[in-house]
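Spelled out, the chains give:
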Amino acid sequence: MGGNGLSSREKVMRLLNHEKVDFVPCFSGMGNITMDGLEKYGLHFNEVHQDARKMALAAKATPELFGYDCAIVPFDFNISAEVMGSKVQYYTTEDILYPSIPEKHIKSFEDIKVPSDLENAGRFPIVMEAIRILKKEIGKEVAVGSWVLGPFTLAGQVTDLTKLLKDTFKKPNEVIQFLNPLRDILIAEAKLYQKAGADFINVREMGTPVDLLSPRLWKSMIQPFMVKMREEIGSPVILHICGKTNEIVHFMHECGYDAISVEHQNDVAMSRQKIGPPPGNLLFGNLNTFKTMVQGTPEDVVKEVRAAIDGGVDAIWPGCDIWPGTPAENMKAMVETTKEYGSKKKKEA
Amino acid sequence: MVDEAKREDILKRLSDGVVYYDEEKVIVASNEAVEDGLDPFDAIMNGLAAGMEIVGQLYEKQEYFVPEILMCADALYAGLNILRPHLKAKEMKERVKGQVVIGVVQGDVHDIGKNLVKMMFDVAGFTVHDLGADVPLEKFAEEQVRTDSNIIALSAMMTTTMMGMKKVVQMIKERNPEVAIMVGGAPLTKEIADVFGADGYAENAGNAVQEAIKMISRLREMHAKRQLEAAP
């Protein structure tokens, strides 16, 4: 099998370092906690978002149980919005409910407040501590990654998204003015996670697929922000967008990230053509995290993993957060198929 | 009364105003429709709604995106606000196709899709009970009982919140199996809707109302059949 003798972490880092490799890693830059993992450490879903130790345990259970090549924190989308003053609702029910922000508290650019001491703002220190714990406890074996939102997605968390979307037409300059400070908070957040020891950062600008914004608007309004974030955050850094991305994948690639990540609606073979060959150009994707991973059988998972590898992805990487209720046999099928089939295909090539 | 040429002219301007998100144009044409005595229902359905149907097609063709649809929706509502008060009470009653409870499931605050679907129900003459976003699951069932609505429409935009829908569907079907449930939202597919036990699935705002109307007629058939069976 490919990657003989290499740890999960070494595999991920060699790939992200654009070295020629003979394996396909199975990892992600999004949440991967599972009910099996929570059970392993006696945790409830609703207690892993505000406690560094519990957050780290929930994250590390996935590589421990399934041989996944990474551990990722945090899990919910509200960390940076909370730092900006959004009131986050934490659910206490037994259901798997991610924290959310019921009220968009920012009306306009003038309302945006950035704390002076970001390192101690909101849950940033909790995520940083969770990264340190993961690095200490499993950091030699598996890659420890983290992620930040993109500024447009964050804007949708803190302000009225309907108005924001209309303003991309009516008042584009005001939108850009609004996004600038958000971008800077997100860059600072990424740097804090790097400082804590994160091996890579994934930028999730998931509010900007072709389902929502035109490719032209993506190029003119979103791309400059993505370029700036890439420059400031530095390698290894990945750009992820879920939803429809076939029409913007080349624009994503132009931003210069080490890799781009797409979900199941992306035609990865076509994207491969558009962005060019590895190891210089990396494409991650694109398992369907619900239809295949939750509802599918292990055979469905095997089929989809093979299709993605045949399509030319450089890492099998679920297209979104792994749903906690994903069956253990599907997790195993994903990891094992990636290792075996990925190495086989690499050898053939 | 308006002659056919005049009618066509007003309807075209209403439709164009919606398609080109020109609120002013819609307002002028709507006022003209009222002054000239054009049937307001005709103006809503064959002017405003017809325009929105074109908008839906432009979205499918990726010529329009969500910001454009939202601006078209503003134009549509500008016309609806003028025309709707002129629908006669009797007509309203005849044309009311049903009542719908609509909302975004708990944990999810993304309400754009929900608002577009709501608009299509408004246009088609439904009475809409809008619960907003991040709605606790029991609330859907409670509101259905309170209002005796025949449709419940659920929306979720995130994979992480979609699972709540399954619970709502179960909860409602247990209490009242005759309520039609439709689900929609970005992470959903027809297959997932089936697995959740929903009666209808709306991929986008455009086909939500068609799906809802189909559901209502299905309900009527069920009632008719039951009455026949109950007859001695």
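Residues numbered from 1 in each chain as written. Chains lettered and ligands numbered in written order. Predicted model: local features only at pLDDT ≥ 70, side-chain atom pairs only at ≥ 80, totals over all residues.

**Q** What is the right way to look at the confidence of the model for chain B in this model?
**A** When pLDDT is low, close inspection of the predicted coordinates is not appropriate. All names here are of chain B. Per-residue pLDDT for chain B has a mean of 83; in total, 81% of the residues score no lower than 70. Summarising per-element confidence for chain B, the mean pLDDT is lowest in helix H5 (residues 89–95) (59) and highest in helix H2 (residues 23–35) (97). Listed scores for the predicted complex are pTM 0.90 and ipTM 0.90. (pLDDT = per-residue confidence, 0-100. Helix = DSSP H or I, 4+ residues; strand = E, 2+ residues; numbered from the N terminus.)

**Q** I keep staring at the interface of chain B and chain A and nothing clicks. Help me out?
**A** One widely used convention gives an interface's size as the accessible area the parts lose upon coming together. In this complex, chain B contributes 22 residues to the contact, which on the side of chain A involves 25 residues. Residue composition of the side of chain B that touches chain A, grouped by class: 13 nonpolar, 6 polar and 3 charged. (Contact = placed C-beta atoms within 7 Å. Nonpolar A, V, L, I, M, F, W, Y, C, P; charged D, E, K, R; others polar.)

**Q** Whenever I open this one, helix H7 (residues 137–147) of chain B confuses me. Can you help?
**A** Note on helix geometry: an α-helix contains 3.6 residues per turn, so any two residues three or four positions apart are oriented the same way. All names here are of chain B. Of all the residues in H7, the buried ones are Leu137, Phe140, Ala141 and Gln144. Angularly, the buried residues of H7 cover 90° about the axis, an arc narrow enough to put them on a single face. Of the exposed residues in H7, those oriented more than 90 degrees away from the buried face are Glu138 and Arg146. Next to the buried residues of H7 lie strand S1 (99–104), strand S3 (151–155) and helix H8 (159–175). Two residues or fewer past H7, Asp148 is found with a positive phi of approximately 55°. (Buried ≥ 20, exposed ≤ 12 C-beta atoms within 10 Å, placed from the backbone. Arc of directions from axis to C-beta.)

**Q** Is there a simple way to think about helix H6 (residues 112–123) of chain B in this case?
**A** Residues and elements named next belong to chain B. Here H6 is 12 residues long and its end C-alpha atoms lie 17 Å apart, about the 16 Å a rise of 1.5 Å per residue gives. Counting buried positions over the 12 residues of H6 gives 9, a clear majority of the element. What H6 keeps buried is the set Ile112, Gly113, Lys114, Leu116, Val117, Lys118, Met119, Met120 and Phe121. Note on H6: the residue one or two positions beyond its end, Gly125, has a positive phi of about 90°. (Expected span 1.5 Å × (residues − 1).)

**Q** What is the right way to look at the nonpolar core in this model?
**A** Counting 192 residues, the largest nonpolar core has Ala130 and Ile316 of chain A together with Cys72 of chain B as its most contacted members. If you tally residues by element for this core, the top one is helix H8 (residues 172–196) of chain A, at 12 residues. Taken domain by domain, this core gets at least three of its residues from each of domain 1 (4–92) and domain 2 (96–230) of chain B. Setting aside anything within four residues of it in sequence, one finds Ala130 of chain A in contact with Ala52, Met55, Ala56, Ala59 and Val73 of chain A. (Core = buried A, V, L, I, M, F, W, Y, C linked by C-beta atoms within 7 Å. Domains from an automatic or database assignment.)

**Q** Looking at this structure, how should I read the environment of Gln144 of chain B?
**A** Residues and elements named next belong to chain B. With respect to the secondary-structure elements, Gln144 resides in helix H7. Classification of Gln144 by C-beta neighbours within 10 Å gives buried; the count is 24. In the structure, Gln144 is positioned 79 residues away from Phe65 in sequence and 33 Å away in space, judged by C-alpha atoms. Leave out the neighbours within four places in its chain, and Gln144 touches Val101, Ser149, Ile152, Ile172, Asn176 and Val179.

**Q** So what exactly am I meant to see when it comes to the pairing of strand S3 (residues 200–204) of chain A here?
**A** Each regular strand carries side chains that alternate between the two faces of the sheet. Residues and elements named next belong to chain A. Counting buried positions along S3 yields 5 of 5 residues, so the element is predominantly enclosed. Taking every second residue as pointing to the same face, both faces of S3 are buried, with Phe200, Asn202 and Arg204 on one and Ile201 and Val203 on the other. For strand S2 (residues 143–149) and S3, the ladder comprises 5 bridges, and the chain directions are parallel. Within the sheet, the bridge partner assigned to Val148 lies in S3 and is Val203. Here 4 bridges tie S3 to strand S4 (residues 237–240), and the two strands are oriented parallel to one another. By the bridge assignment for S4, Ile201 is matched with Val237. On the question of chirality, the crossover connecting S3 to the parallel S4 by way of helix H9 (residues 215–233) is right-handed. (Pairing = 2+ DSSP bridges. Right-handed = clockwise from strand over helix to strand, strands pointing away.)

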